[in-house]
Amino acid sequence: MSAGARASTATKTYRPAMGAGWWTRKRHYFLYMVREFTALPLALWLLWLLYEIYRAGRGPSAFYPPSSTAFVVFSVICLLFALYHSYTFLSLAGVILHFKVLDKPVPSRLIVLSQFGLWLVASVVIGAVLIGFGR
Amino acid sequence: MSETKPVGFSGYATIEHKPALAHLFWWFMFAQGGVLAAILIPVHILVQGILGPLGIVTVVDRHYDTWIGILGNPIVKLYLLVLISLPFFHFAHRLRYLLVDLGVPAAKTVVAQVIFYGGAVLVTLLAIYVLLTTAPISLG
């Protein structure tokens with residue numbers, strides 16, 4: 001854009017010049033976009049879970065357990081995004097949360113560690129229920 | 001900070017600094033949804049989406065009577081409502097800003113906010129409806 005053209009539009013709305021592909025230029029930008037994108041596969045998987053619950057309400061004759069290869073592949077892809085969301089989101093806790101215990105700030109590494117510990121405990125408990133009550 | 005304030009009929013300054021309660025609410029839902037998604041979703045995908053379908057372990061949703069039985073438990077219903085609906089308040093924000101980052105400024109408008117956060121509310125209502133109509137509540 002020439003200097004003249006820029007001057008004539010100076011009082012108009014500012015339009016950022018970044019193209020839609022800005023996030024492909026740097027690894028860091030790319031990973032940021034991957035983190036934001038994780039919402040989509042996770043949303044799809046939860047909608048599938050809601051559909052499975054709905055399907056159970058239609059009676060035993062219409063019921064079949066999901067076993068197709070396509071579904072397993074879909075789940076594997078969703079799991080990779082889910083793990084990336086968990087890793088990035090729980091790591092953030094160390095930046096966001098600030099506590100003091102006995103007038104001493106709790107180190108952020110300890111906070112992050114406690115978040116990952118919570119994730120591990122919750123996963124073991126939920127996994128045990130899902131598998132233990134199954135047959 | 002001092003500023004010249006217009007004075008209303010009552011004689012009191014009319015400038016009010018309202019707390020951004022709506023902002024606080026949606027931000028809280030974004031954070032809670034994010035934490036819940038991070039802690040709860042991976043194990044569900046691993047067990048119900050991969051290990052169960054591959055036949056590696058037994059899972060509650062592989063047989064009709066086990067699945068419908070566990071879905072009747074009120075605590076399970078409440079848990080599933082939290083698991084399914086709260087993350088959508090997180091997803092709504094993330095996906096709206098994903099569009100902004102991809103060069104869609106329209107995703108910043110009020111209309112877009114209504115569509116995305118309204119979508120999360122819709123999923124919540126849908127989840128409540130499905131959970132209440134799927135299996136009768138029982139403690140057995």
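Before reading further, recall that the structure is shown in the block above.
Quantities reported herein were computed from a predicted structural model and do not represent experimental measurements.

Chemist: Quick question: what am I supposed to make of the overall build of chain A here?
Modeler: Helix and strand content of chain A: five helices and two strands. Ordered by position from N to C terminus, the α and β elements of chain A give α-α-α-α-β-β-α. Over its C-alpha trace chain A gives a radius of gyration of 23 Å, far above what one expects of a compact globule, namely 14 Å for 135 residues. Dimensions of chain A, computed from the C-alpha atoms along their principal axes, are close to 75 × 55 × 25 Å. For chain A, with 135 residues in total, the buried portion stands at 19%. Once local pairs closer than 6 in sequence are excluded, the contacts in chain A between residues at least 24 apart make up 45%.

Chemist: Is there a simple way to think about the overall build of chain B in this case?
Modeler: Within chain B, the secondary structure is distributed over four helices and zero strands. Secondary structure elements of chain B occur, N-terminal to C-terminal, as α-α-α-α. In chain B, which comprises 140 residues, the share counted as buried stands at 34%. Considering only contacts in chain B between residues 6 or more positions apart, those separated by 24 or more positions represent 62%.

Chemist: Mind showing me how you'd approach the interface of chain A and chain B here?
Modeler: Often the size quoted for an interface is simply the accessible area lost on bringing the parts together. Taken together, the 47 residues of chain A in the interface contact 51 residues of chain B. For the side of chain A that touches chain B, the secondary structure elements donating two or more residues are α2 (27-37), α3 (39-56), α4 (69-96) and α5 (108-132) of chain A. Classifying every residue of the side of chain A that touches chain B gives 35 nonpolar, nine polar and three charged.

Chemist: So what exactly am I meant to see when it comes to the nonpolar core here?
Modeler: The nonpolar side chains of a soluble globular protein tend to be buried, and buried together. Counting residues in hydrophobic clusters, the biggest one holds 47 residues, and the most contacted among them are A:Leu42 and A:Ile53. Looking at this core, the elements with two or more residues in it are α3, α4 and α5 of chain A together with α1 (21-51), α2 (64-71), α3 (74-101) and α4 (110-134) of chain B. Considering each element in turn, this core owes the most residues, 10 residues, to α1(B). Apart from the residues within four sequence positions on either side, A:Ile53 is in contact with B:Leu71, B:Leu80, B:Val130, B:Leu131 and B:Thr134.

Chemist: Please clarify how the environment of B:Gln32 should be interpreted in this entry.
Modeler: Residues and elements named next belong to chain B. Structurally, the position occupied by Gln-32 is in helix α1. Overall, the presence of 15 C-beta atoms within 10 Å leaves Gln-32 in the partly exposed class. Taking the C-alpha atoms as reference points, Gln-32 and Thr-109, 77 residues apart in sequence, are found 24 Å from one another.

Chemist: Mind showing me how you'd approach the packing of α1(B) against α3(B) here?
Modeler: Helix packing for two helices is described by the angle between their axes and how far apart those axes are. Residue and element names in this part refer to chain B. At a closest axis distance of 7 Å, the pairing of α1 and α3 adopts a crossing angle of 125°. Taken together, α1 and α3 sit at an angle that is classed as oblique. Read as a crossing pair, α1 and α3 show a hand that is left-handed. Judged by residue contacts, Met-29, Phe-30, Gln-32, Gly-33, Gly-34, Leu-36, Ala-37, Leu-40 and Ile-41 of α1 engage Val-82, Leu-83, Leu-86, Pro-87, Phe-88, Phe-89, His-90 and His-93 from α3.

Chemist: Sorry, what's going on with α5(A) here?
Modeler: One turn of the α-helix equals 3.6 residues, which is why residues spaced by three or four share an orientation. Compared with the 36 Å implied by 1.5 Å per residue over 25 residues, the 36 Å span of α5(A) between its first and last C-alpha is a close match. Among all positions of α5(A), only A:Gln115, A:Trp119, A:Ile126 and A:Leu130 are buried. Along its buried surface, α5(A) packs onto α4 of chain A together with α1 of chain B.

Chemist: Mind showing me how you'd approach the packing of α3(A) against α3(B) here?
Modeler: One way to put it is that α3(A) packs onto α3(B) with a least axis distance of 10 Å and a crossing angle of 150°. Classified by the interaxial angle, the pair formed by α3(A) and α3(B) is roughly antiparallel. Classified by chirality, the crossing of α3(B) by α3(A) is left-handed. Only B:Leu80, B:Ile84, B:Pro87, B:Phe88, B:His90, B:Phe91, B:Arg94 and B:Leu95 of α3(B) make contact with α3(A), whose side of the interface consists of A:Ala39, A:Leu40, A:Leu42, A:Ala43, A:Leu46, A:Leu49, A:Leu50 and A:Ile53. Looking at the contact of α3(A) with α3(B) residue by residue, the classes come out as 14 nonpolar, one polar and one charged.

Chemist: Teacher, can you tell me more about unusual backbone geometry here?
Modeler: Backbone phi values are negative for most residues with the exception of glycine, while trans is the configuration of most peptide bonds. Residues and elements named next belong to chain A. If you check the backbone angles, Leu-102 has positive phi at about 55° while not being a glycine. By the element assignment, Leu-102 lies in the loop between β1 (100-101) and β2 (104-105). Positioned with a positive phi, Asp-103 is a non-glycine residue whose angle comes to about 65°. For Asp-103, a count of 5 C-beta atoms within 10 Å gives the class exposed.

Chemist: Which parts of the structure should I look at to understand the environment of A:Lys104?
Modeler: Along the chain, A:Lys104 falls in strand β2. Distance from A:Lys104 to A:Met33, taken between C-alpha atoms, is 36 Å for residues 71 residues apart in sequence.

Rules used in this analysis
- Residues numbered from 1 in each chain as written.
- Chains lettered and ligands numbered in written order.
- Predicted model: local features only at pLDDT ≥ 70, side-chain atom pairs only at ≥ 80, totals over all residues.
- Helix = DSSP H or I, 4+ residues; strand = E, 2+ residues; numbered from the N terminus.
- Rg over C-alpha atoms; globule rule 2.2 N^0.38 Å.
- Buried ≥ 20, exposed ≤ 12 C-beta atoms within 10 Å, placed from the backbone.
- Contact = placed C-beta atoms within 7 Å.
- Nonpolar A, V, L, I, M, F, W, Y, C, P; charged D, E, K, R; others polar.
- Core = buried A, V, L, I, M, F, W, Y, C linked by C-beta atoms within 7 Å.
- Axes fitted to C-alpha atoms, helices over the stretch in contact; angles between N-to-C directions.
- Parallel < 35°, antiparallel > 145°, perpendicular 65-115°, else oblique.
- Left-handed = near helix turned anticlockwise from the far one by under 90°.
- Expected span 1.5 Å × (residues − 1).

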